[in-house]
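Geometric and topological summary
Below are the chains, spelled out letter by letter.
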Amino acid sequence: MSISHDPTSAAPRWTELLGEQELSERGRGFARRDGHEIALFRIEDTVHAIADGCPHAGASLARGALDGTTIQCPAHGLRIDLASGCIHGACGGLAVRTYPVRVHDGRVEVDLGEATH
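Residues numbered from 1 in each chain as written. Predicted model: local features only at pLDDT ≥ 70, side-chain atom pairs only at ≥ 80, totals over all residues. Heavy atoms only, no water.

1. Focus: the overall build of the protein chain
The secondary structure content of the protein chain amounts to one helix and nine strands. Going from N to C terminus, the protein chain has its helices and strands arranged as β-α-β-β-β-β-β-β-β-β. For the protein chain, the exposed area adds up to about 6300 Å²; of that, 46% sits on carbon and sulfur atoms. (Helix = DSSP H or I, 4+ residues; strand = E, 2+ residues; numbered from the N terminus. Areas by Shrake-Rupley, 256 points an atom, 1.4 Å probe, with all protein chains shown as cover.)

Next comes the structure, spelled out in C-alpha coordinates:
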(Lines give C-alpha, C1' and ligand atoms only; values in the text may rest on other atoms or scores of the structure.)
Protein backbone atom coordinates (compact mmCIF):
# COMPACT_ATOMS: atom_id res chain seq x y z
CA MET A 1 0.00 0.00 0.00
CA SER A 2 1.49 3.36 -0.94
CA ILE A 3 0.89 6.63 0.84
CA SER A 4 1.49 9.95 -0.83
CA HIS A 5 2.47 12.81 1.40
CA ASP A 6 3.13 16.47 0.57
CA PRO A 7 6.74 17.15 1.66
CA THR A 8 5.85 20.76 2.51
CA SER A 9 3.27 19.71 5.10
CA ALA A 10 3.97 18.72 8.70
CA ALA A 11 5.54 15.33 9.36
CA PRO A 12 3.03 12.49 9.72
CA ARG A 13 1.76 11.83 13.22
CA TRP A 14 1.26 8.04 12.94
CA THR A 15 -0.85 6.61 15.73
CA GLU A 16 -1.44 2.90 16.24
CA LEU A 17 -5.10 1.89 16.30
CA LEU A 18 -5.29 -1.90 16.19
CA GLY A 19 -3.63 -5.03 14.89
CA GLU A 20 -3.83 -5.84 11.20
CA GLN A 21 -5.04 -9.36 12.03
CA GLU A 22 -7.91 -7.97 14.10
CA LEU A 23 -9.03 -5.81 11.18
CA SER A 24 -8.56 -8.64 8.66
CA GLU A 25 -10.81 -11.00 10.62
CA ARG A 26 -13.76 -8.62 10.88
CA GLY A 27 -13.15 -6.37 7.86
CA ARG A 28 -13.97 -3.33 9.98
CA GLY A 29 -12.94 -1.76 13.23
CA PHE A 30 -13.34 1.22 15.50
CA ALA A 31 -10.84 3.15 17.60
CA ARG A 32 -10.70 6.24 19.81
CA ARG A 33 -7.41 8.13 19.99
CA ASP A 34 -6.58 11.68 21.05
CA GLY A 35 -10.17 12.88 20.69
CA HIS A 36 -10.73 11.18 17.32
CA GLU A 37 -13.34 8.47 16.77
CA ILE A 38 -12.26 6.48 13.72
CA ALA A 39 -14.02 3.80 11.68
CA LEU A 40 -11.74 1.46 9.72
CA PHE A 41 -12.63 -0.77 6.81
CA ARG A 42 -10.48 -3.31 4.96
CA ILE A 43 -11.63 -3.75 1.38
CA GLU A 44 -9.47 -6.23 -0.51
CA ASP A 45 -5.91 -4.98 0.14
CA THR A 46 -6.79 -1.41 1.09
CA VAL A 47 -7.55 -0.03 4.52
CA HIS A 48 -9.76 3.06 4.73
CA ALA A 49 -10.04 5.26 7.83
CA ILE A 50 -12.78 7.86 8.28
CA ALA A 51 -14.23 9.89 11.11
CA ASP A 52 -16.90 7.71 12.67
CA GLY A 53 -19.67 10.30 12.97
CA CYS A 54 -22.10 10.91 10.14
CA PRO A 55 -22.07 14.64 9.27
CA HIS A 56 -25.88 14.73 9.25
CA ALA A 57 -26.68 13.61 12.79
CA GLY A 58 -23.53 11.98 14.20
CA ALA A 59 -24.57 8.31 13.89
CA SER A 60 -21.75 5.77 14.03
CA LEU A 61 -20.61 4.82 10.54
CA ALA A 62 -18.65 1.79 11.78
CA ARG A 63 -21.96 -0.10 12.00
CA GLY A 64 -23.28 0.97 8.59
CA ALA A 65 -23.99 -1.28 5.63
CA LEU A 66 -20.97 -1.62 3.35
CA ASP A 67 -21.35 -1.77 -0.44
CA GLY A 68 -17.97 -1.87 -2.17
CA THR A 69 -16.18 1.30 -1.03
CA THR A 70 -19.39 3.00 0.12
CA ILE A 71 -20.68 2.99 3.69
CA GLN A 72 -24.33 3.73 4.38
CA CYS A 73 -25.23 5.62 7.56
CA PRO A 74 -27.42 3.34 9.68
CA ALA A 75 -29.55 6.26 10.92
CA HIS A 76 -30.61 8.12 7.79
CA GLY A 77 -29.15 6.22 4.84
CA LEU A 78 -26.57 8.75 3.63
CA ARG A 79 -24.02 6.99 1.42
CA ILE A 80 -20.38 7.98 1.94
CA ASP A 81 -17.39 7.16 -0.26
CA LEU A 82 -14.66 5.72 1.98
CA ALA A 83 -11.79 6.99 -0.16
CA SER A 84 -12.88 10.64 -0.42
CA GLY A 85 -15.26 11.05 2.52
CA CYS A 86 -17.78 12.66 0.17
CA ILE A 87 -21.50 12.06 0.47
CA HIS A 88 -22.83 10.54 -2.75
CA GLY A 89 -24.76 13.22 -4.61
CA ALA A 90 -23.44 16.05 -2.43
CA CYS A 91 -19.91 16.72 -3.74
CA GLY A 92 -18.64 19.96 -2.31
CA GLY A 93 -21.20 19.73 0.49
CA LEU A 94 -21.35 17.35 3.42
CA ALA A 95 -18.35 15.09 3.93
CA VAL A 96 -16.54 13.15 6.65
CA ARG A 97 -12.87 13.41 7.44
CA THR A 98 -10.64 10.75 5.96
CA TYR A 99 -7.29 9.82 7.49
CA PRO A 100 -4.07 8.69 5.81
CA VAL A 101 -3.62 5.08 6.88
CA ARG A 102 -0.81 2.54 6.74
CA VAL A 103 -0.06 -0.95 7.97
CA HIS A 104 3.31 -1.01 9.72
CA ASP A 105 4.82 -4.01 11.51
CA GLY A 106 1.42 -5.73 11.62
CA ARG A 107 -0.32 -2.71 13.16
CA VAL A 108 -2.87 -0.39 11.51
CA GLU A 109 -1.86 3.25 11.99
CA VAL A 110 -3.42 6.56 10.95
CA ASP A 111 -1.99 10.06 10.65
CA LEU A 112 -4.03 12.10 13.10
CA GLY A 113 -2.25 15.31 12.18
CA GLU A 114 -3.29 15.69 8.57
CA ALA A 115 -6.90 16.08 7.51
CA THR A 116 -7.37 14.76 3.99
CA HIS A 117 -10.94 16.03 3.81
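This is not the end of the story, as more comes after the structure.
2. Re the sheet that holds strand β4 (residues 46-51)
With antiparallel pairing, three strands are arranged side by side in an open sheet as β2-β3-β4. Strands at the two margins of the open sheet, each flanked by one partner only, are β2 (28-33) and β4. In this sheet, adjacent strand axes meet at a mean angle of 25° when their direction is disregarded. Two elements, strand β3 (residues 36-43) and β4, share six bridges in a ladder whose sense is antiparallel. Within the sheet, the bridge partner assigned to R42 lies in β4 and is V47. (Pairing = 2+ DSSP bridges. Axes fitted to C-alpha atoms, helices over the stretch in contact; angles between N-to-C directions.)

3. A word on the pairing of strand β9 (residues 107-111)
Across a regular strand the side chains alternate sides, sitting on one face of the sheet and then on the other. In terms of burial, β9 is a largely internal element, four of the five residues being buried. Note: strand β1 (residues 14-19) against β9, five bridges, orientation antiparallel. The partner of W14 across the bridge, within β9, is D111. Judged from the four bridges that link them, strand β8 (residues 101-104) and β9 form a sheet pairing that is antiparallel. Considered in β9, the bridge of V103 is made with V108. Hairpin connection of β8 to β9: two residues between the antiparallel strands, including D105 at a positive phi of 50°. (Buried < 20%, exposed > 50% of the residue type's maximum accessible area, 1.4 Å probe, protein only.)

4. Observations concerning the pattern of salt bridges
In this structure the tally under the stated criterion is six salt bridges. Here E16 and R107 are joined by a salt bridge, their closest N and O atoms 2.8 Å apart. With E16 in strand β1 and R107 in strand β9, the pair connects residues that are 91 residues apart, well separated along the chain. For R107, a relative accessible area of 31% gives the class partly exposed. The partner of R79 in a salt bridge is D67, with the nearest N and O atoms 3.7 Å apart. (Salt bridge = Lys/Arg side-chain N within 4 Å of Asp/Glu carboxyl O.)

5. Description of the sheet that holds β1
Across the sheet, which stays open at both edges, the three strands sit in the order β1-β9-β8 with antiparallel pairing between neighbours. Each of the sheet's edge strands pairs with one partner strand only, and the pair in question is β1 and β8. Within the sheet, the average angular offset between the axes of one strand and its neighbour, ignoring direction, is 35°.

6. Overview of unusual backbone geometry
Residues other than glycine seldom take positive phi values, yet D34 does so here, at roughly 45°. Tracing the sequence through the fold places D34 in the loop between β2 and β3. A relative accessible area of 57% means that D34 is categorised as exposed. The backbone phi angle of D105 is positive, close to 50°, even though this residue is not glycine. A relative accessible area of 69% places D105 in the exposed class.

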